[in-house]
Amino acid sequence: MTIEPGVRPLLSTRAVAKSFGNVIALRSVELDVAPGEIHALLGANGAGKSTLVKILSGVYQADAGDVEVEGESVRLSTPAAAVAAGLATVFQDPALIPDLTVGQNLRLTGIDEGEVRVWLERMDGASLDFGALIRELPLPLLRLLDLARALALEPSLLMLDEITAALPADQAEHVFTVMEEWRSRGNSVLFITHRLGEVMRMCDRATVLRDGRTVASVAPQEVGESGLVEAMLGEVVHGEPGAVRTARAGVGQVLLEAVDIGSGDKVNGVSFRLHAGEVLGLAALEGQGQDRLFEVLAGDRRPDRGEILVKGASLRARSPYDAVARGVVLVPPDRLLALLPQRSVRENLGLPLYDRIRRWFSVARDEKEKVADAIDRLSIDTRAARQAGRLSGGNQQKVVLGRWLTAGFQVLLCFDPTRGIDVRTKAQIYGLIRELAADGAAVLLYTSELAEIPLVCDRVQVLYRGSIVDEQPAESATEESLLTAAHGIRSEEVA
Ligand code: ADP
Ligand code: MG
C-alpha cells in the first residue's frame, strides 16, 4: 500500500544502500513516510532497521541512493544536518554520556532544558533530578529522557528505534500517548518495534525490510499480525552457510543447569539443562533479556533468584573467573573485549593456557603445538597475526573460539558469535561450534539470525520477555516457527 495519490511524502528514500566492509547491511531501501502518520519499520534482527535509522540521522553515510524530505533531496552528512532537516531520533542504544549529569548532557547538545522538562512531566518523569549522573539512573527513565530530548528538537519526523523494548508496560503507554500527540500535530513517527501488538494498535502503515531490502509496504489493519510475520519472513532461503549439523554421538551428562533463574525484571524464571555434546539454541528478538541471562550464566552478575549448577554442583560465581575456573566460558558479542588486540594471534590463542588469564608464564611446548593446531584447524589467516586487533572480524571471532578449543573448556556460552560476519566465515564458525560439541562440549548459542539456528543447533528454546516460552527440535524449527514464538504468539494464532 503506497501513500494516497496527491499526498507528498514527508520523507522518501530511494535505493539506499550501505555496506560495512564485506557485510551488506542495506541493499536497496525504499521508504515513504506520509505527513501525519505513525509508520512502523519492521524486519527480523539484522534486516537493516537500525542502519537505515542511523543513515537518516546523519550518523552513517549511505553508499548509494537518495533521501528526500518534502520532495527535496537532502544530504545528511552530520547529525546536525539531520536535525536541521527535521529528523530526530531515539537510538536503539542510549546516547547519553554516563559520567555526566543529565543537565550536562543536555547542554552538550544545546537542547533546551525547559522543553525537555515539559515532555518529561507529560511522561511521569517530573521527578528526574537534572543534577544526577546518567549512570546512576534506571534504563527506562533514560529512554524517556532520550525521547524528551528528541521531542524538544521539534522534529517533523521522530524516529524511535526499539524504544519500548526497554520499557515496562506502564511507561510504554506514555510513549504511545506522546506518539499520538505528535501525529495529531501533523508530524510523523517512524516506529521500530518487534511487538506486533504495538504495530497493530499504533501504526497507520508499515514498511518491512528483509535482508537489507524493502519487501513490503502495508497497512497493518489490512494484513493482520500474520500478514506482517509473513512479510518479514518471505521464503526461507537455505543457502550458505550449509547445514553443519553432524552425526551426533548422542548427548551426555548435564554439564550446565539453570534452575529458575531470575534477574531484576529482565530474566524471569529461566530453567534449562545443557548436556555434553549438544548445541542448544536460544532464539529471541532484541531486548528479551538474553544479554542479562548470559551475564548471569557467565558469572558476571549474580542471579537474584534461582541457581546455576555446573555438573550438579552449585556455581556461586563472584566473577567470570570463578565460572572459567569451573569450565564455563563466554564468547561475547564484542570480539574486541575478548581479545588482547595488541597481542599476537598465538598469544591470544594461548590465553587460557596461562594461569587464570592474568598471570603470564611461558607456554610449554605441547601447548604451543595446541595453538599451532588451532590456527590450522580454524584456517585463521595469520598474515596480520602480529596484532589480533588487525584481523578481520571473522578471523578475530575464530581466535576467540579457537582459544577455548586449545584449552578444552566444557561449557561454551556463545552470544551472537556471527554478528557482522560474512557467510563463508560464518560457516567455518558454525563448523567449529559443532566440532567442539562433538568433542564433548556443551554449547549455548544465542544468535540474532534465526534462520541459522536450525543449521547448527540440536534443539532451540525461545526467550520472550525474560522467560522461555517455547522449545523446538532444531530439525523441524523454521525461521517462521521461531519468529512466531519469539513474538510471543502461539502457533495456533497465526495458522
Ligand atoms: P536491525 O536493526 O534490523 O536488527 P542492523 O541495521 O543493526 O539490523 O544490522 C544490519 C546488518 O548490518 C547486520 O548484518 C549487522 O550485523 C550489520 N551491521 C550493522 N552495523 C554494523 C557495523 N557497524 N559494522 C559491521 N556490520 C554491521
Ligand atoms: Mg536494530
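Residues numbered from 1 in each chain as written. Chains lettered and ligands numbered in written order. Predicted model: local features only at pLDDT ≥ 70, side-chain atom pairs only at ≥ 80, totals over all residues. Heavy atoms only, no water.

Asks: Describe helix α9 (residues 290-297), listing the residues and the values that go with them.
Replies: Since the α-helix advances by 3.6 residues per turn, residues separated by three or four positions end up pointing in the same direction. Burial within α9 is extensive, with six of its eight residues counted as buried. The complete set of buried residues in α9 reads Gln290, Arg292, Leu293, Phe294, Val296 and Leu297. Gly299 sits one or two residues past α9 and shows a positive phi near 80°. (Buried < 20%, exposed > 50% of the residue type's maximum accessible area, 1.4 Å probe, protein only. Helix = DSSP H or I, 4+ residues; strand = E, 2+ residues; numbered from the N terminus.)

Asks: Can you explain empty space enclosed by the protein? Please cite residues and give values.
Replies: To find the voids left in a structure, one rolls a probe of water-molecule size over its atoms. A complete count under the given rule lists one cavity of 30 Å³ or more for this structure. When its volume is computed, the largest cavity comes out at roughly 50 Å³. Around the largest cavity sit Glu162, Thr164, Ala165, Thr193, His194, Arg195, Glu286 and Gln288, which together line it. (1 Å grid on protein atoms, 1.4 Å probe; cavity = no way out; pocket = protein on both sides within 12 Å on 5 of 7 lines; lining within 4 Å. Points joined across faces, edges and corners; volume = space filled by probe spheres on them.)

Asks: Help me get a handle on the side chain of Ser12, residues and values and all.
Replies: Structurally, the position occupied by Ser12 is in strand β1 (residues 11-20). Side-chain polar atoms of Ser12 contact the side chain of Asp32, separated by 2.7 Å. Ignoring sequence-local partners within four residues, the contact set of Ser12 consists of Leu31, Asp32, Asp66, Val67 and Glu68. (Polar contact = N/O pair within 3.5 Å; in protein donor to acceptor, adjacent residues only side chain to side chain. Contact = heavy atoms within 4.5 Å.)

Asks: Quick rundown of the sheet that holds strand β12 (residues 267-275)? Include the residues and the values.
Replies: One open sheet accounts for four strands, arranged β12-β11-β14-β15; its pairing is antiparallel. Edge positions in the open sheet fall to β12 and β15 (313-314), since each of these has one partner strand only. When strand β11 (residues 254-263) meets β12, the two strands line up antiparallel, connected through seven bridges. Looking at the pairing, Ala258 lines up with Phe272 of β12. (Pairing = 2+ DSSP bridges.)

Asks: Give me the lowdown on the coordination of the magnesium ion (ligand 2), citing residues and values where you can.
Replies: Summarising the metal site, the magnesium ion (ligand 2) is bound by the protein donors Ser50 (OG) and Gln92 (OE1), whose distances to it range over 2.1 to 2.3 Å. With Ser50 in helix α1 (residues 49-56) and Gln92 in the loop between β6 (87-90) and α3 (102-108), this pair connects stretches of sequence that are 42 residues apart. Given the relative accessible area of 22%, Gln92 is considered partly exposed. (Donors = N, O, S within 2.8 Å, 3.2 Å for Na, K, Ca; no water.)

Asks: Which residues make up the packing of aromatic side chains, and what values go with them?
Replies: A complete count under the given rule lists five aromatic pairs for this structure. A centroid spacing of 6.5 Å and a plane angle of 85° characterise the contact between Phe176 and Phe191, whose relative ring orientation is edge-to-face. Taken together, the residues Phe176 in helix α6 (residues 169-184) and Phe191 in strand β8 (residues 188-192) connect sequence positions 15 residues apart. Accessibility expressed as a relative area gives 4% for Phe176, which makes it buried. For the ring pair Phe294 and Phe415, a centre distance of 5.1 Å and an interplane angle of 80° mean the geometry is edge-to-face. Within this pair, whereas Phe294 is found in helix α9, its partner Phe415 is found in strand β17 (residues 411-415), the two being separated by 121 residues in sequence. Across this residue pair, the class does not change: Phe294 and Phe415 are buried. An aromatic cluster of three or more residues is present, and its members are Phe294, Phe415 and Tyr446. (Phe/Tyr/Trp six-rings, centres within 6.5 Å; stacked < 30°, edge-to-face > 60°.)

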